[in-house]
Amino acid sequence: MSSTASGKNGTWRNWGGNVTARPAREVTPASVQELAAAIRRAAEDGLKVKAAGSGHSFTSIAATDGVLVRPQLLTGIRHIDREAGTVTVEAGTPLKRLNMALAREGLSLANMGDIMEQTVSGATSTGTHGTGRDSASIAAQIKALELVTADGSVLTCSEKENPEIFAAARIGLGALGIVTAITFAVEPIFLLAAREEPMPFTRVLAEFDELWTENEHFEFYWFPHTGSTNTKRNNRSAGPEKPVGQIAGWIEDELLSNGVFQVAQWVGRAAPGTIPTIARISSKALSARTYTDIPYKVFTSPRRVRFVEMEYAVPREAVVETLRELEAMIDRSGLRVSFPVEVRTAPADDITLSTASGRDSAYIAVHMVKGTPFQRYFTAAESIFTAHEGRPHWGKVHTRDAEYFAGVYPRFEEFTALRDRLDPDRLFQNDYLRRVLGA
């Protein structure tokens, strides 16, 4: 295990560039035993401990001035059980590596988010999700996990073993311990037929329930200052496989969605008055297309334009009203919003602090390009989301605290009581957890 001081490593920064930290030291354990020893040493030294994956959270959930655990040596697949339909993977494994490895084995996760740069533990601990009528977040696909707690103990958790910890630790926020391995449910690889096409915003809102009901996975991007959206419908297919052509894929996914979009963001940041015009052009830049491919090539796409994001889960039945309120707020505020608003859904699950815990949910995400003042827009959007008892994504910008969460999560006290038991001295505490969970 390597251990270095922050003076040599410099300042830790997240992907969005809005969070920085200077840990007293960093450790990169090569085994669960080395991690447990590092945790015990930190406790002896009076230092807090946090683990940081790829830094894709926009909150300070991984920030610490104590010991920062880097999981890059805790990677790889431990075991595939084809009979049980599971894969056990080290917690520091990037989702991209897991998806590609599973595909080589003829296997896949049932659902996933729209990027795959995060580590499996970082993604699940913060509640990363995709969109799905019946299939839920990545954490909801966990069948078991391994957790190192504050006293250095190594616990295995599942529905049968430590079930009360399992119920909470699948989305544990790093508050209960450090996850070292995760067992996911997997299935034989399948094909998804993707249909992407522009659609008027008014039509999407009017037909939202129908679009959600008729498709296994439905999502859309609305471009503020326009009446336009880009929609995406993904459904399982018997084939044949018809991937996006290499040249067409590069033009749409790299040149237009990343390169040209980045230039448009730079122009909009320099001259905000041009944003409505840019939005109208951007909303028409991508044409309709259909293709059929394996899951991770359909669900995920490259995201090279850096941004800051807020996302809230509202009850699914409230999504249309919430979006209409968001549109009215933007229109009357004089705000210039250059980034599209992303809308996805998830079914209810049974994870204690999942944003979809106990209720069918719709996710509304607002973004601003990195370096652009976002506070006014996010504050106004957040007031709308919270009026609908919205639950913020744990890894994305929000201002809510423990008092608010106690009101929107029926099992909130169950989680904090478990935290009291597993980490009574708050070894895994930081400013973010103090705010969202209380002291």
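Residues numbered from 1 in each chain as written. Predicted model: local features only at pLDDT ≥ 70, side-chain atom pairs only at ≥ 80, totals over all residues. Heavy atoms only, no water.

**Some words on the sheet that holds strand S10 (residues 142-148)**
- Pairing is antiparallel in the open sheet, where five strands are placed in the order S7-S8-S12-S10-S11. The sheet terminates laterally at strand S7 (77-81) and strand S11 (154-158), the two strands that pair on one side only. Going from strand to strand, the sheet's axes swing by 15° on average, the running direction of each strand aside.
- Bridging between S10 and strand S12 (residues 178-185) involves six bridges; their strand directions are antiparallel. In the sheet register, Ala144 faces S12, and the bridge partner there is Thr183. (Pairing = 2+ DSSP bridges. Helix = DSSP H or I, 4+ residues; strand = E, 2+ residues; numbered from the N terminus. Axes fitted to C-alpha atoms, helices over the stretch in contact; angles between N-to-C directions.)

**Observations concerning the confidence of the model for the protein chain**
- In this model, the protein chain carries an average pLDDT of 92, and 90% of its residues clear a pLDDT of 70 or more.
- In this model, residues 2-8 is a region of pLDDT below 50 whose contacts with residues beyond four sequence positions or in other chains number 17 contacts. (pLDDT = per-residue confidence, 0-100. Contact = heavy atoms within 4.5 Å.)

**Topic: the side chain of Thr119**
- Structurally, Thr119 can be placed in the loop between strand S9 (107-108) and helix H4 (120-125).
- In this structure Thr119 comes out as buried when scored by relative accessible area, which is 7%.
- For Thr119, the side chain forms a polar contact with the main-chain nitrogen of Gly122, separated by 3.1 Å.
- Leave out the neighbours within four places in its chain, and Thr119 touches Gly53, Ser54, Ala91, Gly92, Thr93, Pro94 and Leu95. (Buried < 20%, exposed > 50% of the residue type's maximum accessible area, 1.4 Å probe, protein only. Polar contact = N/O pair within 3.5 Å; in protein donor to acceptor, adjacent residues only side chain to side chain.)

**A short note on the packing of aromatic side chains**
- Going through the model one piece at a time under the given rule, you end up with 14 aromatic pairs.
- Aromatic pair Phe374 and Phe378: ring centres 5.0 Å apart, planes at 45°, arrangement tilted.
- Using a relative accessible area of 2% as the deciding quantity, one classes Phe378 as buried.
- Ring geometry for Tyr377 against Phe378: centres 5.8 Å apart, planes inclined by 55°, an arrangement best described as tilted.
- An aromatic cluster is built from Trp15, Phe58, Phe307 and Phe339, whose rings are joined through pairwise contacts.
- Seen from the ring of Phe166, Arg170 lies directly overhead, with NZ or CZ sitting 4.2 Å from the centre.
- Across the ring face of Tyr404, the terminal group of Arg400 is positioned such that the distance to the ring centre comes to 5.3 Å. (Phe/Tyr/Trp six-rings, centres within 6.5 Å; stacked < 30°, edge-to-face > 60°. Lys NZ or Arg CZ within 6 Å of the ring centre and 35° of its normal.)

**Comments concerning the pattern of salt bridges**
- Counted by the stated rule, this structure contains 26 salt bridges.
- For Asp45, the salt bridge goes to Arg25, with nearest N and O atoms at 2.9 Å. Taken together, the residues span a long stretch of sequence, with Asp45 in helix H2 (residues 32-45) and Arg25 in strand S4 (residues 25-28) at a distance of 20 residues.
- On the accessibility criterion, Asp45 (41% relative accessible area) is partly exposed.
- Notably, a salt bridge pairs Asp420 with Arg426, separated by 2.6 Å at the nearest N-O pair.
- On the accessibility criterion, Asp420 (41% relative accessible area) is partly exposed. (Salt bridge = Lys/Arg side-chain N within 4 Å of Asp/Glu carboxyl O.)

**Describing the pairing of strand S16 (residues 228-237)**
- Burial analysis of S16 places seven of its 10 residues in the buried class, the great majority of the element.
- Two elements, strand S15 (residues 217-222) and S16, share six bridges in a ladder whose sense is antiparallel. By the bridge assignment for S16, Glu219 is matched with Lys232.
- Linkage of S15 to S16, two consecutive antiparallel strands, is achieved through a turn of five residues, within which His225 is found at a positive phi near 75°.

**Some thoughts on the sheet that holds strand S14 (residues 191-200)**
- Ordered in space as S17-S14-S16-S15-S19-S20-S18-S21, the eight strands form an open sheet in which the pairing is antiparallel. Strands with a single pairing partner mark the edges of an open sheet, and in this sheet they are strand S17 (289-293) and strand S21 (391-392).
- Taken together, the five bridges between strand S19 (residues 341-346) and strand S20 (residues 361-369) define a ladder with antiparallel strand orientation. For Ala346, the partnering residue across the bridge sits in S20 and is Ser361.
- Across the sheet, helix H11 (residues 319-333) is in contact with S15, strand S18 (307-315), S19 and S20; its angle to S20 comes to roughly 25°.

**Brief notes about the pairing of S18**
- Judged by how many residues are buried, S18 sits mostly within the fold: nine of nine residues are covered.
- Looking at chain direction, S18 and S20 are connected through nine bridges and run antiparallel. The residue of S20 that forms the bridge with Pro315 is Ser361.
- Inspection of the sheet shows S18 paired to S21 by two bridges, in the antiparallel sense. The residue of S21 that forms the bridge with Tyr312 is Pro392.

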